[in-house]
Structure formats: structure tokens, C-alpha cells
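# A structural walkthrough
The chain contents come next:
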Amino acid sequence: MARHHSLVIFAIVALMAPVIASATEHVVGGDDGWALGVKYDEWAKDKQFFVGDTLVFKYKANAHNVYKVTGDQFKSCTVPSNNSLGSFTGNDTINLATSGTKWYICGINGHCDGGMKLKITVLDGAPAPAPTSASTLFAKATGFHVLLGVIFAIAALIMA
């Protein structure tokens with residue numbers, strides 16, 4: 001019986017591996033990080049954000065912070081009165097768990113008005129890989145993972 005459970009767990013992991021591997025970590029602002037003088041609309045314009053991806057805000061703690069805000073708060077650079085909506089570590093990771101438009105600002109006085117604000121659109125699903133030799137190898141590996149998972153799932157059902 002323990003062997004049956006192991007095969008089922010392995011099959012599930014093998015089937016999920018391609019989905020887990022497709023998430024992307026986006027360091028906001030790239031090498032510049034979360035700072036004054038960075039054009040975040042320019043940084044974000046050529047990127048696609050998907051459910052399951054993460055945003056990483058890197059900055060000097062106490063010099064900046066990150067607040068997730070509404071569209072109206074974004075437009076007016078209004079910092080929420082609830083501090084629990086903010087992040088303050090200097091290395092803040094935000095999981096993009098749902099699709100839709102997301103807004104982030106720095107809550108330090110004058111920073112949002114100075115351009116420290118980010119608006120992105122998060123899409124459902126995973127991006128289609130570009131047709132390169134590296135992505136072809138990844139696609140073959142992903143197909144292998146799925147095939148392996150199906151084989152083990154069938155074997156587990158037969159042995160049950």
C-alpha cells in the first residue's frame with residue numbers, strides 16, 4: 001500500500017513540475033531595483049506577467065517601501081492608512097496569485113509623485129515558449145515529465 005501512495009505522489013509531482021518551473025521571478029526595475037529615477041512604465045512595457053509569477057522589490061530598507069494599492073490610490077499617490085498593506089524589508093517578494101491589473105507605490109513622502117509607482121497586468125496561464133533550441137529542449141523535457149507521470153499513474157492504478 002505504501003508503494004502505491006509513493007507512485008501516486010511521484011506521478012502528481014511529475015505532472016506538476018512543468019507548471020512550477022514556468023513561473024518567473026521579476027526583479028522590479030532590473031539592476032536599478034526599486035528606486036527614484038527609474039521609469040517603471042518603461043521597465044514593465046516589454047514584460048508579460050502571469051499568475052504564479054513573483055515580483056521582487058529590492059531597495060535600501062528605511063529609504064523606500066512598497067504598498068499594493070487600488071487604481072485610484074495609484075493615480076493620486078495615496079498611501080493606505082493600513083500599514084499591514086505595506087512591505088518594508090528592502091527585499092520584498094509579492095506573489096501574483098490572481099489575474100488583473102495590479103498597482104504598487106512607494107509610500108515615502110514624494111516618492112510616488114517622483115515616479116516610484118508600478119502598474120502591471122497579470123494574465124492567466126503560462127507564456128508560450130519562444131522557438132529556440134533551448135526552449136525545444138525544455139519542451140521535450142516537459143513532455144517527458146508528463147509521459148513519465150502518466151506511466152506511473154497508470155502503474156499505480158493497476159497495482160491498486
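Residues numbered from 1 in each chain as written. Predicted model: local features only at pLDDT ≥ 70, side-chain atom pairs only at ≥ 80, totals over all residues. Heavy atoms only, no water.

## A few points about the sheet that holds strand 6 (residues 91-95)
Across a sheet, paired strands are connected by hydrogen bonds in the backbone, their directions being either parallel or antiparallel. What counts, and what does not: Two strands qualify as a pair provided that DSSP identifies no fewer than 2 bridges between them. A helix here means a DSSP run of H or I that spans at least four residues, while a strand means a run of E at least two residues long, and both kinds are numbered starting from the N terminus. In this analysis an axis means a line fitted to C-alpha atoms, helices contributing only their contacting stretch, and an angle means the value between N-to-C directions, from 0 to 180 degrees.
Here three strands make up an open sheet; going across it, the order is 1-3-6 and the pairing mixed. This sheet does not close on itself; its edge strands, each paired only once, are strand 1 (25-27) and strand 6. On average, each strand axis in the sheet is tilted by 20° relative to the strand beside it, whichever way the strands run. In terms of strand pairing, strand 3 (residues 54-58) meets strand 6 through five bridges, oriented antiparallel. Note that in strand 6 the partner of Thr54 across the bridge is Asn95.

## Re the side chain of Thr54
For clarity, the threshold we go by: Relative accessibility under 20% of the residue-type maximum defines a buried residue, over 50% an exposed one, and the middle range a partly exposed one, all with a 1.4 Å probe and only protein chains included. By definition in these notes, contact holds between two residues if any of their heavy atoms fall within 4.5 Å.
Structurally, the position occupied by Thr54 is in strand 3. By relative accessible area, Thr54 is classed as buried at 17%. Discounting chain neighbours no more than four positions away, the residues touching Thr54 are Thr24, Glu25, His26, Thr93, Ile94 and Asn95.

## Topic: the nonpolar core
Formally: Here, nonpolar core means buried Ala, Val, Leu, Ile, Met, Phe, Trp, Tyr and Cys residues that are tied together by side-chain atoms lying within 4.5 Å of each other.
In terms of nonpolar packing, the biggest core is built from 19 residues, with Trp34, Leu55, Phe57, Tyr104, Leu118 and Ile120 touching the most fellow members. Listed by contribution, the elements that provide at least two residues to this core are helix 2 (40-45), strand 3 and strand 8 (117-123). Judged by nonpolar contacts, the second largest core, of six residues, contains Tyr67, Val69, Phe74 and Cys112.

## A word on the pattern of salt bridges
Here is the rule we go by: Any Lys or Arg side-chain nitrogen found within 4 Å of a carboxyl oxygen on Asp or Glu counts as a salt bridge.
A complete count under the given rule lists two salt bridges for this structure. Salt-bridge contacts for Glu42 lead to Lys45; the nearest nitrogen and oxygen are separated by 3.1 Å. Of this pair, Glu42 and Lys45 both sit in helix 2, separated by three residues, roughly a single helical turn. Note that Asp46 is salt-bridged to Lys47, the shortest N-O span being 3.4 Å.

Bear in mind that shape data such as this cannot, by itself, settle questions of function.
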